[in-house]
Structure formats: structure tokens, C-alpha cells
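# Structural description and commentary
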Amino acid sequence: MSDTFFHPVSGFDLPRFAGVATFMRLPHVPLEDPRIKDVAIGLIGAPWDGGTTNRPGPRHGPRQLRDLSTMIRAGNGATGVRPFELVNCADLGDVAPNPADLMDSLNRMSDFYTRVKQAGIVPLTAGGDHLCSLPILRGLASDAPVGMIHFDSHTDLFDSYFNGSRFTHGTPFRRAIEEGLLDPKRVVQIGIRGTSYDTEDKDFAHSVGVRLITIEEFFARGIEDVMAEAREIVGQAPTYVTYDIDFVDPAFAPGTGTPEVGGPNSFQALQVVRELAGVNVIGADLVEVSPPFDASGGTAWLGISIMFELLCIMATAVSNRRGV
Ligand code: MN
Ligand code: MN
């Protein structure tokens, strides 16, 4: 059971539109706070989109996601999980990037996640663009490569952009495999679709053993069958979960920089996360929500709803690990 200090403020005690917005109305506990030793899962903002190659904006994601997260209540209506009662969760605040320097931002972020890991905290991050996942993995997987379940329209496995720039939101997982942070044979990418210039990313995936599931295969086989395969690929070893909001059809998630039509609806977007039950999750992120393209706020609302589903899976996984 979790310490009541870490329970979210109830909408019956303070209206949900009132107060300073933290992720899911949890207490704000920075890494320097003595109470950090009691935190099991840390919700973290990564307000950085320095890897974006086309339409920017996800640097504004964490603030918008925090605002919409005040709509989240205590229990999961579909699965019955009540994450805040399982383990202590807190809002650790934002990792501070340097918007004028890409390499410095990567270093600041990997230093931050190294400290998160050293504190024994499992991070759930709100991006930010997808390059944010690379410094997170550098912090979490420096000892040994991890597996990964990746929801996205895109593989993000390209080698470089614009004459050799190797760090963009289209390259993070190529770098993570090269750096030994990911075991490519325990990586599965789900939802791949859209137009492309070439097949360099997919050729690389096949050459190293990354399992790539296109949206056509996803819909032909169905969610349960595809997710059973994903669970088998990662097995019981440590696994990271990364969720690009552009996995979802732009009818439901238009507020993102690189939308691709013909994707899952908002119900299916939640269902795939519920199918992660039993996976040994050591961290997760939700990236590429771009408030400047999210006129209704609906993309951020779906984004934080996906984060709540991820949190339910993570809280169950953490509490099971502690129970052993
Ligand atoms: Mn992506
Ligand atoms: Mn994408």
C-alpha cells in the first residue's frame, strides 16, 4: 500500500480546475527533496523538441499534459487498477533542456535519468519529441540492454538527416541499438505506416532483428493477437515502453507534428496498453503531443489518458516486483 502523502488531491476536496497543476494532482517531489527516497514511480516532463525535423511544438507538451491530467481520477474503469494505492507516485517536475544546444540537452537529460535510476525510481515521461527517449534509455540501460515495445507510425530507425545529423526524432532507436542500450531482438514496433522516401529504416530493422508490425498487419490480426506476440518478444526481462501519439489516427490525435492517416482510434489506443499486463516495465514515455497543433486540447487529453493506462501497468509491475 502507498503512503497517503502520495495520493492525488481529490476533486471532492479541491475542484479539479483549481490549484497548481501537477501530473494527476500528485505531490511535486523534485530529486533534491528528502521525500524522493519514498517515491516508486516518478512522472517527469521532458519539454524539449530539439530533434524535430518538420513541425515543432512538443516542447509545450508537458505543461498542457499536466493541465489536462487534472481530469484523471483515482481508478481505472476498465481494469479496476488503482495505481496510487499500489505504490508511491509523484510529479518529479521537468528535466531542464538547453533549447539552444542539442548535445547539451541530451547530456542534461541522460544525467537526470541516471539520477532517477540511482534513486530506484521508475520513470513515466511526458515529451517532448521522440529524441527524448534516447537520453532516457542512456540513463536507464547503461548497465545492460533492455527490450522495448514501441507504438508509432514511424520506426525512428533512420541513420541521419541533412548531411549527417545523427540526432533527430527520426533516429533515436538507431542510436540506442548502436550504443547497446536496446537488444534489437527484443524490440517490437507496432503501427508503422505512411509514405516514405526510402526503406533504409526498415532494411536496418530486418538486418538487426527488430520486429516491425505494420498497421495493415495490426488490423488484419487484431489487437489481442498482435500484443500477445509483443509480450512474447520482450519476455520477462526488463522492458521499456515508448508511445508516440502519432500511432493514433489523426482524427483522434491531430495535435502532433508528423501525423499519418489510417491508424487506431482512441479506444484501440488505450486497449494496446492494457494488453501490456505482465510485462516487466522499467520505464515508459508518451511523446510528440504538440499543443500548437492541438486546437481542441483533445490530443493532450488522449495523451494523458494513455499515460494513465501506462501508469496502471507500471504500478502493477512495480508492486509485483516488490512483492517477490
Ligand atoms: Mn516517433
Ligand atoms: Mn511518429
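What you see is a predicted model; the values in this text were computed from it and never measured.

### Focus on the overall build of the protein chain
Counting its regular elements, the protein chain contains ten helices and eight strands. Along the first, second and third principal axes, the C-alpha atoms of the protein chain reach 55 × 45 × 40 Å. Sorting the 324 residues of the protein chain into buried and exposed places 57% on the buried side. In the protein chain, the share of contacts with a sequence separation of at least 24, taken over all contacts with a separation of at least 6, comes to 78%. As displayed, the protein chain offers around 13,100 Å² of accessible surface, 54% of which is attributable to carbon and sulfur atoms. Computed over 27 positive and 40 negative side-chain charges, the inter-centroid distance for the protein chain is 5 Å.

### Observations regarding the coordination of the manganese ion (ligand 1)
Protein-derived ligands of the manganese ion (ligand 1) are His130 (ND1), Asp152 (OD), Asp156 (OD) and Asp244 (OD), with the metal-ligand distances lying across 2.1 to 2.2 Å. One chain supplies every donor for the manganese ion (ligand 1), spaced along it as H-x21-D-x3-D-x87-D. A gap of 3.2 Å separates the manganese ion (ligand 1) and the manganese ion (ligand 2), which Asp152 links by coordinating each metal. With His130 in the loop between β3 (122–127) and α4 (133–140) and Asp152 in the loop between β4 (146–151) and α5 (172–178), this pair connects stretches of sequence that are 22 residues apart. Of the residues examined, Asp152 reaches a relative accessible area of 0% and is grouped as buried.

### Describing the side chain of Asp246
Relative to the helices and strands, Asp246 is located in the loop between β7 (239–244) and α9 (266–274). For the buried Asp246, no salt bridge exists, and the shortest N-O distance to an oppositely charged side chain is 5.9 Å, to Arg193. When residues no more than four places from it in sequence are discounted, the contact partners of Asp246 are Asp152, Ser153, His154, Arg193, Thr256 and Thr258.

### A look at unusual backbone geometry
Among all residues save glycine, negative phi is the norm, and among peptide bonds the norm is trans. For the bond running from Gly127 to Gly128, omega is 15 degrees, close enough to zero to count as cis. Residue placement: Gly128 occurs in the loop between β3 and α4. The backbone of Asp156 shows a phi angle near 55 degrees, a positive value even though the residue is not glycine. Looking at where Asp156 falls in the secondary structure, it is placed in the loop between β4 and α5. Judged by relative accessible area, which is 5%, Asp156 ranks as buried. Not every positive phi belongs to a glycine, and Glu288 is a case in point at roughly 75 degrees. For Glu288, the position within the fold is in the loop between β8 (281–287) and α10 (298–323).

### Considering the packing of aromatic side chains
Considering all chains together, one arrives at ten aromatic pairs under this definition. With a centroid separation of 6.3 Å and an interplanar angle of 50 degrees, the aromatic rings of Tyr161 and Phe162 are classed as tilted. With relative accessibility at 23%, the residue Tyr161 sits in the partly exposed group. Members of the aromatic cluster, joined through ring pairs, are Phe151, Phe218, Phe219, Tyr243 and Phe247. The ring of Phe5 is capped by Arg35, whose NZ or CZ atom sits 3.8 Å from the centre of that ring. The aromatic ring of Phe293 is capped on one face by Arg55, whose charged end is 3.9 Å from the ring centroid.

### A look at the nonpolar core
Of all hydrophobic cores here, the largest spans 58 residues; its most connected members are Ile190 and Ile306. Per element, the largest residue contribution to this core is 13 residues, and it comes from α10. Among all residues touching Ile306, those that are not within four sequence positions of it are Tyr243, Ile245, Val248, Ala269, Leu270, Val273 and Leu286. Counting residues in hydrophobic clusters, the runner-up holds 42 residues, among them Phe6, Ile44, Ala90 and Leu131.

Criteria and cut-off values
Residues numbered from 1 in each chain as written. Chains lettered and ligands numbered in written order. Predicted model: local features only at pLDDT ≥ 70, side-chain atom pairs only at ≥ 80, totals over all residues. Heavy atoms only, no water. Helix = DSSP H or I, 4+ residues; strand = E, 2+ residues; numbered from the N terminus. Buried < 20%, exposed > 50% of the residue type's maximum accessible area, 1.4 Å probe, protein only. Contact = heavy atoms within 4.5 Å. Areas by Shrake-Rupley, 256 points an atom, 1.4 Å probe, with all protein chains shown as cover. Lys, Arg positive; Asp, Glu negative; His and termini not counted. Charge placed at Lys NZ, Arg CZ, Asp CG, Glu CD. Donors = N, O, S within 2.8 Å, 3.2 Å for Na, K, Ca; no water. Salt bridge = Lys/Arg side-chain N within 4 Å of Asp/Glu carboxyl O. Phe/Tyr/Trp six-rings, centres within 6.5 Å; stacked < 30°, edge-to-face > 60°. Lys NZ or Arg CZ within 6 Å of the ring centre and 35° of its normal. Core = buried A, V, L, I, M, F, W, Y, C linked by side-chain atoms within 4.5 Å.

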